[in-house]
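Architecture at a glance
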Amino acid sequence: MTKHKHDNPILVTGAAGAVGGIGRNLTEFLLAKGHKVRALVRREDQRADALRRLGAEVVQGDLTDLASMHRAIEGCRRIYFGMSVSAAYLEATINTAAVARHHGVEAFVNMSQMTVTQMSISETTSSPQHKLHWLAEQALSWSGLPVVTVRPTVFLEGFFLMLAAVGVRASDELALPMGGGKTSPISAVDVARAVAVILDDPASHIGQIYDLTGPESADLEHYARAFSEALGRPIRYRDVPLPAWSEGLRRAGFPEHAVNHLSAITELNRQGRYDRMTDIMRKLTGEAPTSMHDFVKLHAAEFERREPTPAGG
């Protein structure tokens, strides 16, 4: 184990975050590689305690707060910056980047999104979050910081676990408004593994943009068959109307910013914009990304058949 790994902690933002859980998995991978990790969390709760038990130093703070970010970044040479879908995303990125620049960090790994690959000064999408990601990448490229940009496709943990599990459990349906478009979803755990490789020894990665995809690009009919095989019962894909689906997200308590973003992703999927494949995951980590079949197998308990609970039951 080289000595430098123990000198400075690596800052991991969003370490307690729920969506996909990149930060938490990244914390675990970096600790396993012998690094100290400083985990930034928004609030002190059980998730913060769990990070401490893993061996991380936990700092409570807000990405948009200047004093918080000085406390978080001071003494760190490498940073992972990731934030869940939020209207404050651009402010958080620039606040973190400004403080990182002040402290002279040697690597700033920015978690972006694959859609940005197809955006430009004259091409945008209807997602407010995509626009913020594009602007954040612009600002980081102007910042002079040693940036590594990671752009994954849709997360398996998002659309296929958080949003689709309820339909699979209740009616053996993958009910999503994705049309006939193909997509190559990736596991957040795989993305965290790739980021851990970059942060372990960042010098050769500075200035690179890595588009990360799953192991295949296929339509939802294909993924429904993968669900069927993994769960041992027939699961069918039902292409649901977008307005009703979006309304369901609102009823479930999703903020409007997130509803608009998720709705835009499904629309882009219909248009075939997510039909992309790279082998960068394997090049970075030496491992193939998790397949849909293996992912569903891993989370089988969350897809088990359940009768809908009666109202008030």
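Data block above holds the structure.
Attention here is on the structure that accompanies the text. (Residues numbered from 1 in each chain as written. Predicted model: local features only at pLDDT ≥ 70, side-chain atom pairs only at ≥ 80, totals over all residues. Heavy atoms only, no water.)

Some words on the overall build of the chain
Along the chain, the regular secondary structure elements total 13 helices and nine strands. In terms of overall dimensions, the chain is globule-like: its C-alpha atoms have a radius of gyration of 19 Å, near the 20 Å expected for 313 residues. Along the longest, intermediate and shortest principal axes, the C-alpha atoms of the chain span 55 × 45 × 40 Å. Relative to all contacts within the chain whose residues are 6 or more apart in sequence, the contacts with residues 24 or more apart total 78%. Carbon and sulfur atoms make up 52% of the accessible area of the chain, which totals about 13,900 Å². With 34 positive and 35 negative side-chain charges, the chain shows a separation of 2 Å between the mean positions of the two kinds. (Helix = DSSP H or I, 4+ residues; strand = E, 2+ residues; numbered from the N terminus. Rg over C-alpha atoms; globule rule 2.2 N^0.38 Å. Contact = heavy atoms within 4.5 Å. Areas by Shrake-Rupley, 256 points an atom, 1.4 Å probe, with all protein chains shown as cover. Lys, Arg positive; Asp, Glu negative; His and termini not counted. Charge placed at Lys NZ, Arg CZ, Asp CG, Glu CD.)

Re helix α5 (residues 128–143)
Between its first and last C-alpha, α5 extends 22 Å over 16 residues, near the 22 Å set by a 1.5 Å rise per residue. Where α5 begins, the side chain of Ser 127 points an oxygen toward the backbone nitrogen of Gln 129, at a separation of 3.1 Å. At the C-terminal side of α5, Gly 144 shows a positive phi close to 80 degrees. (Expected span 1.5 Å × (residues − 1). Polar contact = N/O pair within 3.5 Å; in protein donor to acceptor, adjacent residues only side chain to side chain.)

Focus: the sheet that holds strand β8 (residues 209–212)
Spatially, β3-β2-β1-β4-β5-β6-β8 is the arrangement adopted by the seven strands of the open sheet, whose pairing is parallel. For this open sheet the edge positions go to β3 (57–60) and β8, each flanked by a neighbour on one side alone. Looking at each pair of strands side by side, their axes are set apart by 20 degrees on average, direction ignored. The pairing of strand β4 (residues 78–81) with strand β5 (residues 107–111) spans four bridges and is parallel. Looking at the pairing, Tyr 80 lines up with Val 109 of β5. Against the sheet, helix α3 (residues 66–73) touches β1 (10–12), β2 (37–41), β3 and β4, its axis set at about 160 degrees to β2. (Pairing = 2+ DSSP bridges. Axes fitted to C-alpha atoms, helices over the stretch in contact; angles between N-to-C directions.)

Examining the side chain of His 261
Relative to the elements of secondary structure, His 261 occurs in helix α11 (residues 256–270). Classification of His 261 as buried rests on a relative accessible area of 2%. A polar side-chain atom of His 261 sits 2.8 Å from a polar atom in the side chain of Ser 127. When near neighbours in sequence (up to four residues on either side) are disregarded, His 261 contacts Val 85, Gln 113, Ser 127, Pro 128, Gln 129 and His 130. (Buried < 20%, exposed > 50% of the residue type's maximum accessible area, 1.4 Å probe, protein only.)

Topic: the environment of His 293
Locating His 293 in the fold gives a position in helix α13 (residues 292–298). Residue His 293 is classed as partly exposed on the basis of its relative accessible area, which comes to 26%. Through-space distance from the C-alpha of His 293 to that of Leu 242 is 26 Å; in sequence the pair is 51 residues apart.

Considerations on the pairing of β3
Bridge count between β2 and β3: four bridges; the pairing is parallel. In the sheet register, Arg 38 faces β3, and the bridge partner there is Glu 57. Handedness of the crossover is the feature at issue here: the chain leaves β2, passes through helix α2 (residues 46–54), returns alongside β3, and the resulting connection is right-handed. (Right-handed = clockwise from strand over helix to strand, strands pointing away.)

Considering the pattern of salt bridges
What the rule picks out here adds up to 18 salt bridges. Glu 44 serves as the salt-bridge partner of Arg 52, at 2.8 Å between the closest nitrogen and oxygen. A residue is classified by how much of its surface remains accessible, and Glu 44, at 45% relative accessible area, is partly exposed. We note a salt bridge from Glu 106 to Arg 78, for which the minimum N-O separation is 2.6 Å. Of the two residues, Glu 106 is situated in the loop between α4 (89–102) and β5 and Arg 78 in strand β4; the sequence distance between them amounts to 28 residues. (Salt bridge = Lys/Arg side-chain N within 4 Å of Asp/Glu carboxyl O.)

Quick word on the environment of His 130
Residue position: His 130 is located in helix α5. Taking relative accessible area as the criterion, His 130 reaches 0% and is therefore assigned buried. A C-alpha to C-alpha distance of 9.5 Å links His 130 and Val 85, two positions 45 residues apart in sequence. Not counting residues within four places of it along the chain, the set of residues in contact with His 130 comprises Gln 113, Thr 115, Met 119, Thr 125, His 261, Ile 265, Leu 268 and Tyr 274.

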